[in-house]
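Chain by chain, the residues run as shown.
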Amino acid sequence: MCGIVGYIGYREAFPIVIKGLRRLEYRGYDSAGVMLYDGNELVVCKTKGKVADLEERCKDTTTAGATIGMGHTRWATHGVPNDVNSHPHLSNSGELAIIHNGIIENYEPLKKELINRGYTFKSDTDTEVLVNLIEDVQKTQNLKLGKAVQVALRQVIGAYAICVFDIKKPNEIIVARLGSPLAIGVGENEYFIASDASPFIEYTTNAIYLEDEEIAVIRLGKKLKVRKIKDDSLVDPYVQKLQMNLEQIEKGGYDHFMLKEIYEQPSVIKDTYRGRLLADQGIIRMAGIEDNLERFVNAERILIVACGTSWHAGLVAEYVIEEFTRIPVEVEYASEFRYRNPIINKGDVVIAISQSGETADTLAAIKLAKENGAFVFGVCNVVGSSISRETHAGAYTHAGPEIGVASTKAFTTQITVLTMIALRIAQAKGTLNHTDYRRYLQELERIPEQVKEALESNDVAKEIAAVFKDAPNCLYLGRGYNFPVALEGALKLKEISYIHAEGYPAAEMKHGPIALIDEMMPVVVIAPKQGHYDKVVSNIQEIKSRSGKIIAVVTKGDTQVRDLADYVIEIPETSDALSPLITTIPLQLLSYHIAVFRGCNVDQPRNLAKSVTVE
Ligand code: G6P
């Protein structure tokens, strides 16, 4: 899941590539590198560390004059993050340069073969194998660069998005993809290449998203040529007009993208239901659902596959869909599902949830479900992403670009979409009475205002964060709809503050975690008035009698829990089924402030990546 950027045109390439890499750092950031060509010399500059380190490293490198460039920000798969393993990689002759996102699974036999043929390797990467394989094909079969890349890729098993440059062909860059995203920005006499459109959005809004198994020859002054790697057939590339703007992908005055994205939730939740939820008329209308309503209504079972935070949204959906529609729901980690020979029946509907739409395990789970004849519906944020294309139908969350690695607005907008789906099916099936249905629609419409109100807990969350910033462990408890929220709260804390945290169903605490509780242990309890309030109050008492420190998320005006808890965060009241959309907010703020107090890199936590395009 690295980030790749390329430029070929008339402008200076270095600033474009560096700026692009900064925008893609969410994809990986353990090392970075650039390749530049000024018509004479091919310059490579790379380093372990972030894009800022790369800029420092390149200070003594001549970058001016180069109008062709490629850059890479890495999330290590093969080979530890160090200078040598950073991309770009050069072929043995020094004439070919490559940047690569993905994994070449059969790199070892390919490498052995190349070593037998006299090739040597400096790095431990699979990428250096690929660039030498291309060189070998080019030389032994006397092929042009584009053809050589194509032939080499036919030997490759794995996933890739690559850019290849050949000093002998200084007017072109070859790009190809299989399983990793790659977009080409089409300007006037210039082309941009990137893992997503954010690096080039300020230069052009015309973009081509390469499909799997496609290769493109990007040659200055020539029309772009796209072919299928396998059978060499020509493809007519579709040029999309991009809707996003630069402001959407910059911090907009907030200290971190994560905080900006937390605060965007009232408006993006509204964007999610805009035009789909007509509360006054009692209508929910989503094209992907309407077109396939019969399938949902007649579904014998709904299987949800996802990873990370999206999996937590899936768990919330399990509660909501079962409650409203009475259709049995199973939620699976995509990584488990794909390898366990799951039972998938023709009458099953599979819902794949993914912010990025690029998560490798989720994609593989979708392919498996399709092979088994299931109808697969995608809930994605990134428009045009692989998952949105791979699924039979879907609904976008419309949360806008999420840059902070820890997912926030993607989660609440996923829940919004999934709740609307549940309500629409319930209405069609008649499993929810009309009064309740209308009430939920009205409540859903009020959620953005209530999220805004919940955001007012920011100062309290910050005060509590100051108290618990050095805690080594933290427990999150919730019941029913708020059990998945407890999991998500714990995940947020782990991800960005590196504090060990666990989410648990509140009652299950008695079967293990209660042993951990002492006066050092902060326990975050989600205890809104609706739901299993009395039961949660009993759980709070159990913690209190063992001297645990209680941080409770309560409904405004609550007094019972306030008397028991050490700290309370108030949220507005909504029905149990919609409460995750509100209870999540203070937990996001709490982990954000704890991470800031601890001096952690909130937007780019160690070892993580925004989009995991490797399994
Ligand atoms: C990574 C991200 C998480 C995300 C998960 C699934 O681990 O760091 O924030 O929840 O991938 O990603 P997806 O894009 O499929 O929702």
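What counts, and at which threshold
Counting of residues starts from 1 at the beginning of each chain's written sequence and follows it residue by residue. pLDDT decides what is reported in this predicted model: residues at 70 or higher carry local features, side-chain atom pairs at 80 or more are listed and counted, and totals for whole chains, interfaces and linings draw on all residues regardless. The side-chain values count all of the structure's non-hydrogen atoms but skip hydrogen atoms and water molecules. Axis definition: a line fitted to C-alpha atoms, over the contacting stretch in the case of helices. Angles run 0 to 180 degrees between N-to-C directions. Counting from the N terminus, the helices are the DSSP runs of H or I reaching at least four residues and the strands are the DSSP runs of E reaching at least two. What sets the label is the angle itself: under 35 degrees gives roughly parallel, over 145 gives roughly antiparallel, 65 to 115 gives roughly perpendicular, and the rest give oblique. Left-handed describes a crossing whose near helix is turned anticlockwise from the far helix through less than a right angle; right-handed describes the clockwise counterpart. Contact definition: two residues touch when any of their heavy atoms are within 4.5 Å. Note on residue categories: nonpolar means Ala, Val, Leu, Ile, Met, Phe, Trp, Tyr, Cys or Pro, charged means Asp, Glu, Lys or Arg, and polar means any other residue, Gly included. In this analysis, rings of Phe, Tyr and Trp, with Trp reduced to its six-membered ring, are considered paired at centre separations within 6.5 Å, and the interplanar angle assigns stacked below 30 degrees, edge-to-face beyond 60, and tilted for intermediate values. Partly exposed describes any residue whose relative accessible area lies between the buried limit of under 20% and the exposed limit of over 50%, with all areas from a 1.4 Å probe on protein chains only and scaled to the type maximum. Here, over-ring charges are defined by two tests on the NZ atom of lysine or the CZ atom of arginine: distance to the ring centre within 6 Å, and angle to the ring normal within 35 degrees.

Colleague: Describe the packing of helix 16 (residues 458–468) against helix 20 (residues 580–597), listing the residues and the values that go with them.
Modeller: For any two helices packed against each other, one specifies the crossing angle of their axes together with the interaxial distance. Direction vectors running N to C along helix 16 and helix 20 enclose 45°, while the axes themselves pass 8 Å from each other. Relative to helix 20, helix 16 is oriented oblique. In terms of crossing hand, the pair formed by helix 16 and helix 20 is right-handed. Residues Asn 458, Ala 461, Lys 462, Ile 464, Ala 465 and Ala 466 of helix 16 form the contact with helix 20, whose own contacting residues are Pro 586, Leu 589, Leu 590, His 593, Ile 594 and Phe 597. Partitioned by chemical class, the residues of the contact of helix 16 with helix 20 number nine nonpolar, two polar and one charged.

Colleague: Lay out the packing of aromatic side chains in plain terms, naming residues and giving numbers.
Modeller: Aromatic ring pairs are reported here in terms of the distance separating the ring centres and the angle at which the planes meet. Counted according to the given criterion, the structure contains eleven aromatic pairs. Centroid distance Tyr 7 to Phe 192: 5.1 Å. Interplanar angle 55°. Geometry classified as tilted. With Tyr 7 in strand 1 (residues 3–8) and Phe 192 in strand 10 (residues 191–194), this residue pair connects regions lying 185 residues apart in the sequence. By relative accessible area, which is 0% here, Tyr 7 ends up buried. For the pair Phe 192 and Tyr 203, a centre-to-centre distance of 4.9 Å together with 10° between the ring planes defines the contact as stacked. Highlighted residues: Phe 192 in strand 10 and Tyr 203 in the loop between strand 10 and strand 11 (206–209), separated in sequence by eleven residues. Under the relative-accessibility criterion, Phe 192 is labelled buried at 1%. An aromatic cluster is defined as three or more aromatic residues linked by ring pairs; in this entry it consists of Tyr 7, Phe 192, Phe 200 and Tyr 203. If you follow Lys 111 out to its NZ or CZ, it ends over the ring of Phe 121, 5.2 Å from the centre. Over the face of the ring belonging to Tyr 498 we find Arg 606, whose NZ or CZ atom lies 3.8 Å from the ring centre.

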